[in-house]
Amino acid sequence: MSITDISNTSTSAQRARILASLQAGPLTTVAARDELNVMHPAARIQELREAGYPIRTHQRPVVDAQGRTHKSVAVYYLSTAA
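Figured I'd write up the structure that's included with this text. Since we're looking at a predicted model, the values are computed, not measured. (Residues numbered from 1 in each chain as written. Predicted model: local features only at pLDDT ≥ 70, side-chain atom pairs only at ≥ 80, totals over all residues. Heavy atoms only, no water.)

**Description of the packing of helix α1 (residues 11-24) against helix α3 (residues 41-50)**
Then comes step 1: Direction vectors running N to C along α1 and α3 enclose 80 degrees, while the axes themselves pass 10 Å from each other. Here α3 runs roughly perpendicular to α1, going by the angle between their axes. Between α1 and α3, the contacting residues are T11, Q14, R15, I18, L19 and L22 on the first element and P41, R44, I45, E47 and L48 on the second.
Then comes step 2: Split by residue class, the contact of α1 with α3 holds 6 nonpolar, 2 polar and 3 charged. (Axes fitted to C-alpha atoms, helices over the stretch in contact; angles between N-to-C directions. Helix = DSSP H or I, 4+ residues; strand = E, 2+ residues; numbered from the N terminus. Parallel < 35°, antiparallel > 145°, perpendicular 65-115°, else oblique. Contact = heavy atoms within 4.5 Å. Nonpolar A, V, L, I, M, F, W, Y, C, P; charged D, E, K, R; others polar.)

Okay, structure coming up:
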């Protein structure tokens, strides 16, 4: 399975894309939907947490591709704290 194949909408493929993205840096809900083709990122994040990945969440304003500002968007990242 290629993690770059965004046409694969299986939950395992979506989790793999999110995990790969998080390993590279923070990921917003907007980016997960627009760039990774994950329509319900929070569910995939929860599944990854249940699998033991230390994923943290913050909220921040984000401007989407259409130039609209969303005041509180989830930003996910892998925690480095032990």
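**Observations regarding the environment of V73**
Then comes step 1: Within the element layout of this structure, V73 appears in strand β3 (residues 69-78).
Then comes step 2: Taking the C-alpha atoms as reference points, V73 and R60, separated by 13 residues in sequence, lie 5.4 Å from one another.
Then comes step 3: The residues contacting V73, other than those within four sequence positions of it, are T28, T29, V30, H58, Q59, R60 and V62.

**With respect to the side chain of R44**
Then comes step 1: Locating R44 in the fold gives a position in helix α3.
Then comes step 2: By relative accessible area, which is 11% here, R44 ends up buried. (Buried < 20%, exposed > 50% of the residue type's maximum accessible area, 1.4 Å probe, protein only.)

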